[in-house]
Amino acid sequence: MATITSRPFGVDRNGNAVTEYVMTNPAGLTVSVLDYGAIIRSIVVPSKTGPVDVVLGHDTIADYENEDAYTGSFVGRYANRIKNATFTLGGKTYPLQANNGPNHLHGSFSSKLYRVKIFGDSLLLEAESPNGEDGFPGTMKISVRYTLTTDNAFRMEYRVSSDADTPVNLTNHSYFNLDGEGTIDNQKLRLYCSHYLEGDAQTCPTGRILPVQGTPMDFTAGKPIGRDFGCGYPQMELVGDGYDHCYVIDRARGASQSICAWASSDKTGISMKVYTTQPGVQLYTANFYADVKTPLKGGKKAVKHAGFALETQHYPCSLSYPEFPSTILHAGKVFRATTTLRFFTGKQCGRL
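Read on for a plain summary of the structure. (Residues numbered from 1 in each chain as written. Predicted model: local features only at pLDDT ≥ 70, side-chain atom pairs only at ≥ 80, totals over all residues. Heavy atoms only, no water.)

Take the overall build of the protein chain next. Scanning the protein chain from terminus to terminus reveals 2 helices and 27 strands. Over its C-alpha atoms the protein chain spans a radius of gyration of 19 Å, differing by no more than 12% from the 20 Å that the globule rule assigns to 352 residues. Expressed as a percentage of the 352 residues in the protein chain, the buried residues total 59%. Long-range pairs, those at least 24 residues apart, make up 66% of the contacts in the protein chain with a sequence separation of at least 6. Accessible surface for the protein chain amounts to roughly 13800 Å². Of this, 50% is attributable to carbon and sulfur atoms. Here the protein chain carries 34 positive and 33 negative side-chain charges, and the mean point of each set is 5 Å from the other. (Helix = DSSP H or I, 4+ residues; strand = E, 2+ residues; numbered from the N terminus. Rg over C-alpha atoms; globule rule 2.2 N^0.38 Å. Buried < 20%, exposed > 50% of the residue type's maximum accessible area, 1.4 Å probe, protein only. Contact = heavy atoms within 4.5 Å. Areas by Shrake-Rupley, 256 points an atom, 1.4 Å probe, with all protein chains shown as cover. Lys, Arg positive; Asp, Glu negative; His and termini not counted. Charge placed at Lys NZ, Arg CZ, Asp CG, Glu CD.)

Here is the structure:
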């Protein structure tokens, strides 16, 4: 069973003490979590080159507060974008905070302070979202459970309920770098996704779900993440020469969680497989991460393509496209989602 310890992590701008919780399993895998934003600050994996921290993060709470890349954060009420920062539900139109050009992006969950309870090898983080927060209807109860297992799996379970009908879309926004440094260009990625959502100039879906086959969007056989950077493909150029697209997961029939991604580093020998109950995964390759002015851990400077995010979620802008899976949570009902990261070293999971 994992052990969990805690230590102070400074004071936020509102004067609240922030705590870091460190989860360690018998194999030496360590995950640290902040009660601010339910942030995953580090995941340290034993490897052939020594311990490697495979997620990007910061050394101070002020650095987290002063950047807008959502590094490591739990995001909602609506992960990704809502087109034109407005939606209609039950005959009423709701204007939202426009924080990404004309669109709404991610929401306020990433800046909340969560109440924490420890249950064995799990952390339970809880908070509330009041009626009208970011413009959304209903008071929402939020529950995030992080569990670290003895077989190097880190499980993220989300549970929310609302007293009024409201949209919901939840994810974690960690940026991974399995080398622990540099860019992710030569790290390999396989996506178990044969289709993706075409995006427009604002990174919102056009409504078209396109096959990846025969395009640089194809990761079905696995390839270096940066192999097609700079190739001039229009969908990649729209998002700053890289990927910022929602992929449709090819679900295993009857599976509670399906594998959606497999990433690996030849340098460290670390592999990571991602499983989820969600219908989509947003691949984002930190195309604008150089705009993050706050230093990363150890004083390192943020650079373009410093990490890749695999944001398991429902489709962005679902409220604009009735044919997409519904993201409406009805009053009195419960929305649940689970994503599991499983880490391997050396030849444990084969070669990608």
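Before going further, it helps to spend a moment on the environment of M236. Topologically, M236 is positioned in helix α2 (residues 234–237). As a C-alpha pair, M236 and P216 span 20 residues in sequence and 8.5 Å in three-dimensional space. If we skip the residues at most four places from it in the chain, M236 touches P216, M217, D228, F229, C231, D241, G242 and Y243.

Before going further, it helps to spend a moment on the sheet that holds strand β18 (residues 195–199). As summarised here, the arrangement of the 5 strands in space is β19-β18-β21-β24-β25, forming an open sheet in which the pairing is antiparallel. Bordering the open sheet on either side are β19 (205–211) and β25 (309–313), each of which pairs with just one other strand. Along the sheet, successive strands turn relative to each other by an average axial angle of 30 degrees, direction set aside. Bridge count for β18 against β19 is 4 bridges, and the pairing is antiparallel. By the bridge assignment for β19, L197 is matched with I209. (Pairing = 2+ DSSP bridges. Axes fitted to C-alpha atoms, helices over the stretch in contact; angles between N-to-C directions.)

What follows is about the nonpolar core. For soluble globular proteins, the rule of thumb is that nonpolar side chains tend to be buried together. Counting residues in each nonpolar core, the largest one holds 63 residues, and the members touching the most others are I43, F74, Y146, Y247, F308 and L310. In terms of residues, this core owes the most to one element, strand β13 (residues 140–148), which gives 5 residues. Other than its neighbours up to four places away in sequence, F308 contacts S174, Y175, F176, L178, I184, Q187, I225, A263, M272, L283, Y284 and T285. Among the nonpolar cores identified, the runner-up in size contains 11 residues, and Y175, Y284, A286 and L296 belong to it. (Core = buried A, V, L, I, M, F, W, Y, C linked by side-chain atoms within 4.5 Å.)

The 5 strands are arranged β1-β2-β3-β4-β5 in an open sheet whose pairing can be described as antiparallel. Each end of this open sheet is capped by a strand with a single partner; those strands are β1 (3–11) and β5 (52–53). In this sheet, strand β2 (residues 17–24) lies alongside β1 in antiparallel orientation, the contact comprising 7 bridges. Note on β2: the bridge partner recorded for T3 is T24.

What follows deals with the pairing of β13. The buried fraction of β13 amounts to 7 of the 9 residues, a majority that puts the element mostly inside the structure. Across 8 bridges, strand β12 (residues 122–129) lies against β13 in antiparallel orientation. Paired with L125 across the bridge in β13 is V144.

This part takes up unusual backbone geometry. Note that the residue after G76, namely R77, is joined by a cis bond; omega there is 15 degrees. You can see R77 is positioned in the loop between β6 (74–75) and β7 (81–82). Its identity as a non-glycine residue notwithstanding, D134 has a phi of 60 degrees, on the positive side. The residue D134 is located in the loop between β12 and β13 in this model. Residue classification places D134 among the buried residues on the basis of a relative accessible area of 16%. With a phi angle near 50 degrees, A286 is a residue other than glycine that sits in the positive phi range. Since its relative accessible area comes to 0%, A286 is described here as buried.

Glancing now at the pattern of salt bridges. Considering all chains together, one arrives at 15 salt bridges under this definition. Residue D59 is joined to R41 by a salt bridge in which the shortest nitrogen-to-oxygen separation is 3.1 Å. Of this pair, D59 sits in the loop between β5 and α1 (61–65) while R41 sits in strand β4 (residues 40–45), and the two are 18 residues apart along the sequence. Taking relative accessible area as the criterion, D59 reaches 36% and is therefore assigned partly exposed. (Salt bridge = Lys/Arg side-chain N within 4 Å of Asp/Glu carboxyl O.)

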